[in-house]
Protein chains: 2
Amino acid sequence: MRNIQDSELLEKYLEEFQINRMFHQSKQLPYHMQQYHSGEIIRFEGMEMNSLLFLVNGKARITSSIETGKALLLRFIYPLSVIGDIELIRDVPVQSQVQAVDECLVIGIPFDYIKKYEIDNPRLLHMLLEHVSFKLQTCTTASRVNLLASVENKFASYLMSTLSPDADNEFGIELQTSSVKEIASLLGTTYRHLNRVIASLIEQGIIERQKNSIQILNWKELEKAANGIRYK
Amino acid sequence: MRNIQDSELLEKYLEEFQINRMFHQSKQLPYHMQQYHSGEIIRFEGMEMNSLLFLVNGKARITSSIETGKALLLRFIYPLSVIGDIELIRDVPVQSQVQAVDECLVIGIPFDYIKKYEIDNPRLLHMLLEHVSFKLQTCTTASRVNLLASVENKFASYLMSTLSPDADNEFGIELQTSSVKEIASLLGTTYRHLNRVIASLIEQGIIERQKNSIQILNWKELEKAANGIRYK
DNA sequence: TAATGAAAAGGACATATGTCCCAAAAAAGG
DNA sequence: CCTTTTTTGGGACATATGTCCTTTTCATTA
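Keep in mind that this is a model prediction, so the values were computed, not measured.

Visitor: Sorry if this is basic, but what is going on with the protein's contact with DNA strand C here?
Guide: The environment of DNA strand C is formed by 14 residues, the closest being Thr 189, His 193 and Arg 196 of chain A together with Tyr 191 and Arg 209 of chain B. Close to the protein, within 4 Å, the atoms of DNA strand C belong to sugar or phosphate groups at a rate of 49%. Interatomic distance of 2.5 Å between a side-chain N/O atom of Arg 196 of chain A and a base oxygen of DNA strand C. The separation between a phosphate oxygen of DNA strand C and a polar side-chain atom of Tyr 191 of chain B is 2.6 Å. Those elements that provide at least two residues to the surface near DNA strand C are α8 (191-203) of chain A together with α8 (191-203) of chain B. The element best represented in the surface near DNA strand C is α8 of chain B, accounting for 4 residues.

See below:
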């Protein structure tokens, strides 16, 4: 992690994502800016959190683990995403680990400042509510699909949700990855078993594996395998 | 469902749960009040929603289903709970079904009114944020535990989270039920398989089945079976 | 008190899935 | 270009779990 002292860069992103518009602007806000390398942990699970963060550049992966060491990949995030909303509102430690997938830049503003000067600002509260509501809606969807559908069902739904041309779907974008390992982690299964399912779908002539991706050969049959289920 | 026209009763609950304090009080708010029988559906999945609802009496179960007909029991709710927060903020149809467990009373206020007069009210926004944040935090927990742990792990964790005397835990209270059928639905498994797990824990001398509940005989061994995992 | 119906529990079987480890393929480095 | 390391994919085995249906137990009614 590196602190970035570059007021022009800061200004650029505050303007690009209209972060300033969420806060009262009567005075200079105590923003800080940090850069994280690919693979670096932005926030560890269980740690105390002190700032509300905005991801303004790069891509990060959000994971949640249990005491046995297994982890579920919840989603990927892109600009503009908020990190620390639950921690601000509920005053709890970091709930899910945030890890940079490529180089990331985050802008932060201290919880103390927000609580002292901005906690009743409707624009901020609206922004937080919209982000948290989206996360709850999609978390509930993933929860039920991941638990109630078979791995073949889930994988077919995943492909329909992320690759289908009519998938104009925010959650599908957050789940998109071409790594079989990461897809397994998103669906809560093992790499081995997902490979069995992929092999089975290839054998049925529904998909074909390419160098770095999966190609759909039969959308109709894939839709049947998905049972109409979508991640959205 | 029956509409209740009883301004004294309405006043009583508005006062008891301080619902009035969340809104501007410069004029009479267009509250409506409905009563639902045990087993009656308060809100169906997929339906359009027009009012923000407060559960002020009774208990209701929240479930979420997939297109194959299987359903996951997300939680039980008690007064004071909010129904329709996601639907208000994100302008989407009902995401999860709400069904009365016993006789329920809800007070509603139309979305149109909220959007016209109260949408920037910090007290309302705070109340909504707190409820939605709690739901997201607990949904994420349930999501990862339910997917990554075995049914025996999950059931032991469930017992530790709901029956343990030091379980001073809001989510544990929302998950509490003595019905094996409902516990199976909460954990995303079948009634048959949960009974195997219960039989196994009885055989290990960890629990014993009573007339209408489960008794813990060995907290230490149960904690081991739970692997330190909790629903909270 | 006995019969009937409903609810709860279990047997049998098949499939899905996890685990462990080995083999093959691809990528990286000298 | 060859060797080594890393990544990807699959074999084998065991266990977990779902499905279907039967049996047992409990509750209700006559």
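Visitor: Just checking my understanding: could you explain the relation of the copies chain A and chain B for this structure?
Guide: Put simply, the second copy of the chain is the first one after a rotation about an axis and a shift along it. Each copy superposes on the other: chain A lies on chain B with an RMSD of 0.0 Å after a rotation of 180 degrees and an axial shift of 0.0 Å. What the superposition gives is, in effect, a two-fold axis relating one chain to the other. Most of the interface of chain A is mirrored in chain B, where 100% of its interface residues are also at the interface.

Visitor: Please explain the pattern of salt bridges as it appears in this structure.
Guide: Side chains that carry opposite charge are capable of pairing whenever their charged atoms lie near each other. All names here are of chain A. Enumeration according to the criterion identifies 12 salt bridges over all chains in this entry. Linking Arg 75 and Glu 174 is a salt bridge whose minimum nitrogen-to-oxygen distance equals 2.6 Å. Taken together, the positions of Arg 75 in strand β6 (residues 71-77) and Glu 174 in helix α6 (residues 170-175) put the pair 99 residues apart, joining distant regions of the chain. Between Arg 230 and Glu 223 there is a salt bridge, with its nearest N and O atoms 2.4 Å apart.

Visitor: Sorry, what's going on with helix α3 (residues 111-118) of chain A here?
Guide: The periodicity of an α-helix, 3.6 residues per turn, causes residues three or four positions apart to be oriented the same way. All names here are of chain A. The set of residues buried in α3 consists of Phe 111, Tyr 113, Ile 114 and Glu 118. Each buried residue of α3 sits inside an arc of 160 degrees when the element is viewed along its axis, so together they form one side. Exposed side of α3, more than 90 degrees from the buried face: Asp 112 and Lys 116 are the residues found there. Those residues of α3 that are buried lie in contact with β4 (51-57), α2 (85-90), β9 (104-110) and α4 (122-148).

Visitor: Mind showing me how you'd approach the protein's contact with DNA strand D here?
Guide: If you check the shell around DNA strand D, you find 14 residues, and the closest are Tyr 191, Arg 192 and Arg 209 of chain A together with His 193 and Arg 196 of chain B. Looking at DNA strand D alone, sugar and phosphate atoms form 47% of those within 4 Å of the protein. Take Tyr 191 of chain A: an N or O atom from its side chain is 2.8 Å from a phosphate oxygen of DNA strand D. In this structure, Val 151 of chain B approaches DNA strand D through a main-chain N or O atom, which is 3.2 Å from a phosphate oxygen. Breaking the surface near DNA strand D down by element, the ones donating at least two residues are α8 of chain A together with α8 of chain B. If one sorts the elements of the surface near DNA strand D by residue count, α8 of chain A sits on top with 4 residues.

Each value, and the rule that gives it
What you see as residue numbers is a count from 1 along each chain, following the sequence as written. Chains and ligands are labelled by the order in which they are written, letters from A for the one and numbers from 1 for the other. Reporting in this predicted model follows two pLDDT cut-offs: at least 70 for local features of residues, and 80 or more for side-chain atom pairs to be given and counted; totals over whole chains, interfaces and linings ignore these cut-offs and use all residues. Think of the side-chain values as coming from all heavy atoms in the structure, minus any hydrogens and water. Note on definitions. A residue lies near a molecule or strand when any single heavy atom of the residue is within 4 Å of it. Whenever two N or O atoms come within 3.5 Å, that pair is a polar contact, provided that in protein one can donate a hydrogen and the other can accept it, and provided that, for residues adjacent in sequence, both atoms are side-chain atoms. Where helices and strands are cited, they refer to DSSP runs of H or I of at least four residues and of E of at least two residues respectively, numbered from the N terminus. Copy-to-copy alignment: least squares on C-alpha atoms, limited to residues at pLDDT 70 or above in both. Only heavy atoms enter the contact rule, under which two residues are in contact if any of them lie within 4.5 Å. Any Lys or Arg side-chain nitrogen found within 4 Å of a carboxyl oxygen on Asp or Glu counts as a salt bridge. Relative accessible area decides the class of each residue, using a 1.4 Å probe on protein chains only: under 20% of the type maximum gives buried, over 50% gives exposed, and in between gives partly exposed. The arc refers to the directions leading from the helix axis to the C-beta atoms.

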